[in-house]
Amino acid sequence: MLHFVFKRILMAVPTLLIMAVTVFVLIRLIPGDPAALMLGDLATPASLADLRERLGLDQSLPVQFGIWFGNVLRGDFGISITSSQPVLPLVLDRFWISARVVLIAVLLASLFAVPAGMIAAWRQNSGTDLFLVGLATLLYSIPTFWLGLLLLLFLGLQLNWLPVVGYVSFSEDPWAALLYIVMPVMTLFLHEMGVLIRMSRASTLEVLRLDYITHARAKGLSESAVLWRHAFKNAFGPTWTLIGLVLGNLLGGIAVVETVFTIPGLGRLLVDAIFARDYPVIQGCLLFVAFVYVAVNLVVDLLYPVFDPRVTAE
Amino acid sequence: MTGTIPPAAALDALLDVENLSLCVSATGTEVVRGVGFTVAPGEIVGIVGESGSGKTLAARSIMALQPPAIRRTAGTIRFEGRDLAGLSPKELRELRGGRIGMVFQEPMTSLNPSMTIGRQLEEGLAVHQRALSADGRRDRVLDMLRRVGIADPDGALAAYPHQFSGGMRQRIMLASVMLLQPALLIADEPTTALDAVVQRDVLELMVGLTRAHGTAVLMISHDLSMVARYTDRIIVMRKGEIVEQGRTDGLLRAPRHPYTRALLSAMPRRQPARPLPPAAAPIIEVRDLVVEYGGRRGLFRREAGKRALHGLSLSVMPQEVVALVGGSGSGKTTLGRAIAGLLAPSGGTIRYAGRPVEAGGEGWADYRRNCQMVFQDPYSSLDPRMTIGALVGEALRGVPGMGRRKKAERVVEVLSEVGLGRPYADRYPHELSGGQRQRVAIARAVVRRPAFVIADEPVSALDVTVRAQVLELFADLQARHGFSCLFISHDLGVVEQIADRVVVMQDGRIVEQGDRDTVFDRPAHPYTRRLLSAIPALEPAGEGGVRLKWRFDEAAPEAVPS
């Protein structure tokens with residue numbers, strides 16, 4: 001087990017390395033000079049050269065990469081060009097804001113979608129099944145920004161139940177903070193629920209066809225025992241993998257939803273940094289996102305044997 | 001022509017099915033029509049029939065376990081005098097498992113892979129025998145596991161199904177059902193997926209256990225010799241109807257219905273030995289072949305491989321049919337694939353017509369064109385998106401000096417040879433039956449006029465009557481075109497019918513080889529003797545009837561622990 005974890009973490013190293021190089025090179029392929037952007041109209045060639053030297057932009061690309069990567073290995077992700085804040089605390093702060101929304105949304109979506117998908121499969125072709133499949137298709141077909149706008153329109157503007165834009169941190173005012181994240185959570189929850197219902201239904205259908213389900217019925221077990229004791233664990237595997245992928249994706253950035261609800265999350269930080277050509281922040285964000293993705297999938301893989309003893313950690 | 005049951009038998013019958021009809025709810029197509037039979041307490045009754053005969057549906061509907069798309073339209077099912085239609089869901093659940101048990105065909109999917117054996121066995125007891133304490137249940141489970149021959153019952157409780165072989169899983173399955181001491185056991189093709197030797201052991205166990213408890217058995221099978229060996233009565237079904245039923249010995253001796261006769265005459269049987277043309281040199285010569293699997297390259301080290309073949313030597317003469325027999329895991333398929341060049345051997349040589357065969361070497365292309373293969377499953381061995389004509393024609397690619405028109409002619413010619421003809425060239429595999437697909441697979445193998453064909457279980461997936469036709473076709477083509485053949489099969493009946501020479505494999509080694517009559521009549525190796533004594537043959541006995549014949553009666557069947 002420990003050996004496996006160690007091996008998996010080691011295997012993530014090349015991924016992160018490739019990611020670092022790609023990110024570094026790609027950003028510099030985009031036209032635009034951060035020094036010029038910062039100085040704006042006041043730029044004189046002398047002040048520009050001075051600033052470029054201070055930011056290290058006058059060095060060759062390999063040297064710049066070497067310096068940056070060396071610092072990263074020491075845990076120093078640099079200083080933001082625009083805000084002069086250290087990058088790592090900045091990224092972590094913003095990440096927790098996004099992660100809170102994402103984790104609650106995905107947890108709720110899984111809690112609803114997995115049983116819903118199983119019931120739809122159990123009553124295949126019935127009215128219930130038709131309704132659930134229709135609902136799922138509708139939910140995942142609606143783009144999140146549109147769904148977010150609709151929620152803003154109805155719950156915020158028309159009914160006035162929830163605050164429309166902005167963000168309050170939990171340390172300031174927990175109740176207000178809760179009110180502010182209801183709509184973003186709901187947006188993601190509804191969308192991902194659609195995706196997960198379909199997966200849960202499909203994998204349950206697959207399992208319900210197998211002989212051990214008939215065998216369980218032939219033993220005289222009740223339908224709920226058949227469904228929850230025998231079908232659930234076996235049908236949950238594929239859905240679990242999908243939950244991992246969804247989580248990895250969303251944690252990596254929900255820029256669209258954050259923009260709609262003006263939440264200062266990781267996605268917004270990245271988008272703003274790209275516009276400002278804030279190289280250290282972009283690099284820090286992307287590297288962190290890649291790391292989160294690898295970490296989430298590692299956790300998902302490690303937990304897989306819980307549902308399927310045929311899969312061992314080796 | 002339905003066999004009549006004396007009314008006296010129906011009176012004290014354990015199970016009495018009358019006029020049962022089932023149909024597909026969506027289309028209204030009847031899949032079982034007016035089926036009626038009885039099972040007396042303690043009796044073993046076999047239902048035989050080919051795929052689509054409705055035997056499984058009829059049996060599953062007794063416990064109301066037919067698929068949701070199938071609806072019962074008529075008929076009554078009485079069990080211990082009670083009409084099952086009138087039961088509440090709760091009463092039905094008490095009957096399931098408690099009074100009627102069911103064993104399934106596929107040991108790989110009939111146990112829940114994510115639950116320990118102990119829990120799966122215990123949960124039935126917990127439902128049906130509530131008075132029993134947890135310790136009491138555990139003792140009963142352990143006792144039953146011991147009786148079905150599980151070596152370490154305590155260890156088995158905490159183990160998962162995938163840790164057991166197919167035969168062991170089927171024993172566990174049997175334990176799980178017999179634990180509840182049902183009055184009737186429905187066994188749906190209980191041993192079809194198992195090797196002959198294991199099959200015999202499991203059946204003996206099943207019969208022994210059910211006799212000990214006075215449990216009646218309804219055994220569904222397509223395997224006539226097995227049903228003949230173990231049942232008291234036989235019911236023959238075809239296309240949803242019962243065509244004939246009666247006592248096993250009488251029905252086999254003097255079958256009345258033409259379909260029963262056709263079924264019995266389709267059983268493979270030994271043909272007189274063929275004279276082979278004298279040949280100086282073998283066409284295929286394998287020397288000291290070693291195949292190793294695995295050796296998965298880890299991050300830090302290379303894991304040791306698993307040796308599948310331990311230095312085999314084998315030769316096939318021109319026009320000769322060599323059968324490769326052995327249990328699963330004996331390496332027979334691996335050997336076939338290695339000879340076909342689909343697997344790189346780790347050691348040894350393969351010679352074709354005297355020249356060594358090596359991937360990419362000289363003569364490799366020529367060998368690959370001259371060596372063709374037929375696979376077991378006609379449903380997955382044909383590309384569903386290619387027409388039959390294209391599938392067969394593909395084998396002609398890369399044949400030097402053959403024009404497009406010539407190729408098209410050859411495809412049609414071969415399709416007629418396999419009994420399909422030109423109209424099939426434009427069809428797709430899904431439009432064909434299993435037997436027709438296997439004909440296409442054979443056409444694809446012989447269209448190039450190869451010198452050597454490897455057939456890996458080519459008729460195992462086919463029904464009895466279709467199997468007989470395909471075997472006849474194969475023998476016919478072989479006689480006409482004179483190709484040599486390596487015929488891989490676990491079915492001794494088929495091997496006895498078509499092989500010139502038999503090679504017996506066990507655990508990656510050849511344990512015996514010789515001409516067919518010698519191997520079948522005077523087997524030298526203990527494993528061959530066990531194999532031959534596992535399942536009896538049915539040999540013709542006049543009037544279209546058959547009688548059971550032991551191929552090799554070595555010892556009394558294994559005693560059942562009780």
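The rules behind each value
- Residues numbered from 1 in each chain as written.
- Chains lettered and ligands numbered in written order.
- Predicted model: local features only at pLDDT ≥ 70, side-chain atom pairs only at ≥ 80, totals over all residues.
- Heavy atoms only, no water.
- Helix = DSSP H or I, 4+ residues; strand = E, 2+ residues; numbered from the N terminus.
- Buried < 20%, exposed > 50% of the residue type's maximum accessible area, 1.4 Å probe, protein only.
- Areas by Shrake-Rupley, 256 points an atom, 1.4 Å probe, with all protein chains shown as cover.
- Lys, Arg positive; Asp, Glu negative; His and termini not counted.
- Charge placed at Lys NZ, Arg CZ, Asp CG, Glu CD.
- Axes fitted to C-alpha atoms, helices over the stretch in contact; angles between N-to-C directions.
- Parallel < 35°, antiparallel > 145°, perpendicular 65-115°, else oblique.
- Left-handed = near helix turned anticlockwise from the far one by under 90°.
- Contact = heavy atoms within 4.5 Å.
- Nonpolar A, V, L, I, M, F, W, Y, C, P; charged D, E, K, R; others polar.
- Buried area = accessible area lost by both parts, 1.4 Å probe.
- Salt bridge = Lys/Arg side-chain N within 4 Å of Asp/Glu carboxyl O.
- Polar contact = N/O pair within 3.5 Å; in protein donor to acceptor, adjacent residues only side chain to side chain.
- UniProt positions renumbered as here; feature names shortened; annotations may be inferred.

Draft legend 1. Spatial organisation of the overall build of chain A. Across its full length, chain A carries 13 helices and zero strands. For chain A, the C-alpha atoms occupy an extent of roughly 85 × 55 × 35 Å along the three principal directions. Counting across all 314 residues of chain A, residues that qualify as buried make up 46%. Of the roughly 15,500 Å² that chain A leaves accessible, carbon and sulfur atoms contribute 70%. Charged side chains in chain A number 19 positive and 20 negative. The centres of these two groups are separated by 11 Å.

Draft legend 2. Seen up close, the packing of helix α8 (residues 196-213) of chain B against helix α20 (residues 526-534) of chain B. All names here are of chain B. Packing of α8 against α20 leaves a shortest axis separation of 8 Å and a crossing angle of 55 degrees. As judged from the angle between their axes, α8 and α20 are oblique. Between α8 and α20 the crossing geometry is left-handed. Together, Ala196, Val197 and Arg200 of α8 and Arg530, Leu531, Ser533 and Ala534 of α20 make up the contact between the two elements. Classifying every residue of the contact of α8 with α20 gives four nonpolar, one polar and two charged.

Draft legend 3. Layout of the interface of chain B and chain A. Contact with chain B, which involves 32 residues of that partner, is made by 21 residues of chain A. Counting the surface lost from both chain B and chain A, the interface buries some 2,400 Å², and carbon and sulfur atoms represent 61% of this. If you sort the residues of chain B by the area they bury against chain A, Pro113, Ser114 and Glu123 of chain B come out on top, with a joint share of 22%. Here chain B and chain A share three salt bridges between them. Between Arg60 of chain B and Asp211 of chain A there is a salt bridge, and its shortest N-O distance comes to 3.7 Å. Remark: the boundary between chain B and chain A carries 14 residue pairs in polar contact (both at pLDDT 80 or more). When residues in the side of chain B that touches chain A are grouped by element, the largest group, six residues, is from helix α4 (residues 117-128) of chain B.

Draft legend 4. Inspection of the UniProt feature "domain: ABC transmembrane type-1" (unreviewed entry) in chain A at higher detail. Here, UniProt's "domain: ABC transmembrane type-1" (unreviewed entry) annotation points to residues 95-304 of chain A. Between the C-alpha atoms that bound residues 95-304 of chain A the distance is 26 Å, and the span itself is 82% helix and 0% strand.

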